[in-house]
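So you can see what is in the structure, the chains are spelled out below.
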Amino acid sequence: MRPERFQNRPVRWWSGLEWPVAGLALLLLFNLTFTPGFFHLELRNGHLYGSLVDIINRGSPVVILGLGMTLVIATGGVDLSVGAVMAIAGTVAAQLILRPGFSFPALILASLAVGTLAGCWNGFLVTWLRVQPLVATLVLMVGGRGIAQLLTNGQQIYFEDARLVFVGNGHLLGLPFPVLLSLALLGLTALLTRRTALGLFIESVGDNPRASEFAGVSTRTVKFVVYAFSGFCAGLAGLIDTSNIKSVDANKIGLTLELDAILAVVVGGTALTGGRFSLLGTVVGALFIRTLTTTMYAWNVKSDVAPVPKALAIIAVCLLQSPAFRRRLAAFRRASPS
Amino acid sequence: MKPPRLNSQYIPLVATGVVLAVLYVTGGCLFPNFFSLRVLVNLFGGNAVLGVAAIGATFVILSGGIDLSVGAVIGFTSILIATLVEEHHVAPLLAISLALLLGTGFGAGMGALIQRFELPPFLVTLAGMFLARGLAFVVRPDNLGIHHPFYAEGINHSLALQLDSRVSWPFAATCFVALFLVALVLAHYTRLGRNIYALGGDETSARLMGLPVARTKIATYTIGGFCSALAGVVYTFTTQNGDPAACVGKELEAIAAVVIGGTLLSGGVGFVAGTGMGVLILGLIQTLITYQNLNSWWTVIVVGLLLLLFILLQNVVSALSGRLDNTARHG
Amino acid sequence: MASDASAPLLEIRGLTKSFPGVKALEGVDFTVRRGEVHALMGENGAGKSTLIKVLTGVYAPDGGTFRLGGAVIRPASTKEAEAVGISTVYQEVNLIPHLSVAENICLGRQPTRFGFVDWAGMTRRAVAALARVDLRIDVRRPLSSYSIAIQQLTALARALDVSARLLILDEPTSSLDAREVGELFQVLRKLRAEGLGIVMVTHFLDQVYAIADRITVLRDGRLVGEYETAKLPRMELVSRMVGRDWSAVAAAPRAVAGVGEPTGEVLLELRNFGRPGLVGPVDFSLRAGEVMGLAGLLGSGRTETARLIFGIERARTGEMRLGGRPIKVHSPRQAIREGLAFTSENRKLEGIIPHLSVRENIILALQAREGLLRPLPRARQLALADEFIQLLGISTPGPEQAVMNLSGGNQQKVLLARWLALQPRLLILDEPTRGIDVGAKAEIEKLVQSLRAKGLAILFISSELEEVVRGCRRVVVLRDRVQVGELTGPALTEEGILQTIAGASHAP
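Nothing here was measured: the structure is a model prediction, and the numbers come from that model. (Residues numbered from 1 in each chain as written. Chains lettered and ligands numbered in written order. Predicted model: local features only at pLDDT ≥ 70, side-chain atom pairs only at ≥ 80, totals over all residues. Heavy atoms only, no water.)

For the rest of this paragraph, the subject is empty space enclosed by the protein. Taken as a whole and judged by the stated rule, the model has seven cavities of 30 Å³ or more. Roughly 180 Å³ of internal volume is contained in the largest cavity. What lines the largest cavity is a set of 16 residues, and nearest its centre among them are B:Leu208, C:Glu82, C:Thr88, C:Tyr90 and C:Arg158. Its residues placed into classes, the lining of the largest cavity shows nine nonpolar, five polar and two charged. (1 Å grid on protein atoms, 1.4 Å probe; cavity = no way out; pocket = protein on both sides within 12 Å on 5 of 7 lines; lining within 4 Å. Points joined across faces, edges and corners; volume = space filled by probe spheres on them. Nonpolar A, V, L, I, M, F, W, Y, C, P; charged D, E, K, R; others polar.)

This is how it looks when you write it as structure tokens:
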């Protein structure tokens, strides 16, 4: 993707962000010019409101899923189950909140733990049973929603508990709480990968699994950890989504969000084949997707039509990353010198 | 020469058959009228859309690929036909042909992208899914019933087979069975079909054996696109309706049916017949759960468990039938 | 060769093929007659596989002419090559394991009836094709249910099924046992009698002398010569392959400078060590402060021995002792903990992590031993990287350069640094100087000696005998995956190694 030839800077947090940021900037520029009021910000009751705040607020679940997905994809895998895991974790939270006397911190811990457990299951299938990641996570993707419905007995659950509602709707320091949560998770993920050796191992396993194994890296542990972490992220995203709409419908929560998360990772410059990853790239990718959607709302495009530009974005990014496409492009340029 | 011994490849297929038989007999034992003609007919009619889609998915998966656009193409096709027939007064057969042509071309386009630019099938068909779903809503944002006489009379009555006074075999089921037979022949009795198996078995070898790998790959996704579109047509037959939001997630059901039918998700091994049984298994699970008055979510849980079971079974089988000696050879 | 009585079946003149940065073939001539088995020989990088790939239409040649049976040909694909009568059987059986034997023989050209595949006809045709290679099996069973030998014969049958005139066998025997090789040769003799031209690439000398009529030797992309097998002593063949002029070798005095007596205790002992089908038995011991060579031709079992020691493959027979203690190594991780280090001959696939930086590549193994939760501080990482860049003279713009942008020699030094950072007891170097320039080779040789002086035990694998003789105190020689000798003292000369490789009884 990026020509790193003869570059001798350390790979910093901004490395490789040029393309995703350029895409996002272009989109914002379009809105600045053509969409009146897009950049309008307003302080009401000490809370920020406006399209931009809306983008980062509603983009939070995809940012959070995307962070976990980034690590999974960097090892050369994929996690299709995150949407379903969100449903399970959200359901657990909504169920527990209705139980009188259940302590709130325990509730949060329980739903995050359920998400992590689901991730461990995926990790178990991928590492110990050596099932391909696409297939392994498909199992939970298909069955997960059933489990969630089983927990709720198929009912939609509504709740009013202020603490749980705050998770998805509250404001802190003028910002929506989900935004702060995704920032915190970004920090946590960065810490987890860059302040331990995990990031190095993930990148080496994704880039060259054989050589990593020969250098003594335990590819098994690394893969297991990333699936578990992806499950944790799905749990957190599920909490936010559930809290946001103050109810849980196991059939709807996080539906097709796994695809958005994968898209965010790919747009953010992490290759599907694994290797170098960029957490900030994923964040920018997620915001790009959300901005695209918000822009279309601003232009009164029906939400149902919104997937079309998303599809075009995927194809464009894929082609730009495809060596075969670049070869052809180069051959074409040589053939027609101008 | 003696008949071929039962080799490990057939184990999943036999397992599928056993599961199907067990489910059917269990239903018959538990519920008095389970063995009735009506239940059987409903099994085929009610799962015709899934069946048609799953047959397309079988070819794609056999070739070592995956197609996530199935459900979206069904939605697009159904609303396209409904709109053309009801609002633009196009002859139904013409509308159906057009829809089939578009769906087939759509599959071919995805195949060409995957083949020519070496893009991952997963992402290309994901984009295809977004595109088809979005376009479906562009055609018409809400659903539309089809009341044209061809549908009201032709599909419902003239083309349905009256089996006895109360049970009739719907045309949708006929489509499913017909496609199933065509697919059997295509998979087992044509060079294209055999090349698809070879491609999924080992792409490098297939290339070195001089097989037309590029053409086969594109053809596979073309078949997939055609089947998705046909599933959309069948959808309009069964529901008399076009719906841009139809069949969200149908691709997962289709993949599940294929895997439960004994096809290896990594490609190269599998059976169209297995997929047929896989579809009936999914249908039977649904029927049983309805009969048992169990809640609908049990369906997905059971399907998920079956999926897991078959994936593990496949793992064991491929460990058994892997090349006998593949220790690394170095200088 | 123009004086040949029979017109040649295949005649290649002046074949040239280059890849970015490499001249794979330079003006190579190659002639195959009808009814002969022609061995194509050469060490790594000689250009054998490029020649075959050009012949079978996988690569397009840059220059040269091809004639098959007198007519000029230029195959652009495997299919086109098959159409003119050139068929290939590859080393790794390139068939579809899950499909039946019959299908594998007939894929792409199945007999059809009314456009549909005629399975009965296909079965008959497959049985007939297999009869040509003297094989009678149930062709309806999947290929994977049969042994590699039968798979190999199936591939042969497929190759013959298209009225082949020229048959190319790329290392057909590397996975077969002696009996299976015998059966294969029986078939080849029969095909030769039928008038087929057979090109065989192999590393097994005994087999060459058992079946080949003539031999063409390539080295570094150039033609060394074409010989009648009967008139080419083994010793001469080996020296031509490895590129050491036999008379010059005999005359040259042995360079003993720098190879002192070992100072340390016995570190590694192998007794009857091996894995059936892979390599062995191997017996040798290695002291701290000693460099020992493993010599042999490509495919002789050098690399396999190293991989067994490092736990990539598990040994099945014999015993390995490390520092006097018996030990079973079952993974590279464990080997590393025991103080072993191994640089693979395959730098790209098993060595470098291409997109990561020089620094990250250097600290990877050390970090893996330290564990996930004890990251090396950034300053320590940089210090290590700088230290080794200095020490080994790694030519890079800096420690943050992606390692894939370095030259081969520098990549090799990075890998050495990765292992030296662990301060291992035993260092196994598999072809550390392959594909790197002369200057870098000398540096690596020098480095090996300085490491030895510091007390490291080093197992040095190389196909360049000169290097082995110069740098090692003792050399274990392998042939056809078995240890055939150990040379030391005055016997340790290139000539001695060559003789041992060729088999002393056949030496001139």
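Next up on the list: the sheet that holds strand 15 (residues 291-295) of chain C. Where strands meet in a sheet, backbone hydrogen bonds hold them as pairs that are either parallel or antiparallel. Residues and elements named next belong to chain C. Read across the open sheet, the six strands follow the order 18-19-20-15-21-22; overall the sheet is mixed. A single partner strand is all that each edge strand has here, and the edge strands are strand 18 (340-343) and strand 22 (482-488). The mean angle between the axes of side-by-side strands here comes to 15°, regardless of whether they run parallel or antiparallel. Pairing geometry for strand 19 (residues 426-430) and strand 20 (residues 457-461), over five bridges, is parallel. Looking across to strand 20, one finds that Asp430 is bridged to Ile461. Here helix 10 (residues 302-309) sits on the sheet and contacts strand 15, strand 18, strand 19, strand 20 and strand 21 (474-479); the angle it forms with strand 19, its principal contact strand, is near 150°. Of the strands in this sheet, strand 18 and strand 19 are in contact with helix 15 (residues 408-420), which crosses strand 18 at around 170°. (Pairing = 2+ DSSP bridges. Helix = DSSP H or I, 4+ residues; strand = E, 2+ residues; numbered from the N terminus. Axes fitted to C-alpha atoms, helices over the stretch in contact; angles between N-to-C directions. Contact = heavy atoms within 4.5 Å.)

Let's shift gears to the sheet that holds strand 11 (residues 214-219) of chain C. All names here are of chain C. Taken in spatial order, the six strands of this open sheet run 6-9-10-3-11-12, and their pairing is mixed. Every interior strand has two partners, whereas the edge strands, strand 6 (86-89) and strand 12 (222-228), have only one. Going from strand to strand, the sheet's axes swing by 20° on average, the running direction of each strand aside. With five bridges joining them, strand 9 (residues 166-170) and strand 10 (residues 197-201) adopt parallel strand pairing. What sits directly across from Ile168, in strand 10, is Val199. Taken strand by strand, helix 6 (residues 178-193) contacts strand 3 (36-41), strand 9 and strand 10, and its axis lies near 145° from that of strand 10.

As a further point, take the interface of chain B and chain C. Contacts between the two partners involve 38 residues from chain B, matched on the other side by 48 residues from chain C. Regarding the contact of chain B and chain C, the summed buried area is about 3800 Å², with carbon and sulfur atoms giving 54% of it. Applying the counting rule to chain B against chain C returns one salt bridge. Taking the shortest distance from any N to any O, the salt bridge between C:Glu103 and B:Arg194 comes out at 2.5 Å. One can count seven residue pairs in polar contact (both at pLDDT 80 or more) joining chain B with chain C. Contributions of two or more residues to the side of chain B that touches chain C are made by helix 8 (171-189), helix 9 (191-201) and helix 10 (203-208) of chain B. For the side of chain B that touches chain C, the element with the most residues is helix 9 of chain B, which contributes six residues. (Buried area = accessible area lost by both parts, 1.4 Å probe. Salt bridge = Lys/Arg side-chain N within 4 Å of Asp/Glu carboxyl O. Polar contact = N/O pair within 3.5 Å; in protein donor to acceptor, adjacent residues only side chain to side chain.)

Bringing helix 13 (residues 358-370) of chain C into the picture now. Given a rise of 1.5 Å per residue, 13 residues ought to cover 18 Å, and the 19 Å separating the end C-alpha atoms of helix 13 of chain C matches this to within 8%. The sharpest bend along helix 13 of chain C reaches about 45° and sits at C:Leu364. Judged by how many residues are buried, helix 13 of chain C sits mostly within the fold: eleven of 13 residues are covered. Buried residues belonging to helix 13 of chain C abut helix 9 (198-207) of chain A together with helix 11 (332-337), helix 14 (378-392) and helix 15 of chain C. Two residues or fewer past helix 13 of chain C, C:Gly371 is found with a positive phi of approximately 105°. (Expected span 1.5 Å × (residues − 1). Bend = angle between axes of the 7 residues up to and from the residue. Buried < 20%, exposed > 50% of the residue type's maximum accessible area, 1.4 Å probe, protein only.)

A few words on the pairing of strand 20 of chain C. Residues and elements named next belong to chain C. Burial of strand 20 is extensive: five of the five residues sit out of reach of the surface. Going residue by residue along strand 20, you find Ala457, Leu459 and Ile461 tucked away on one face and Ile458 and Phe460 tucked away on the opposite face as well. Here strand 15 pairs with strand 20 via four bridges, running parallel. Counterpart to Gly293 in the pairing with strand 20 is Phe460.

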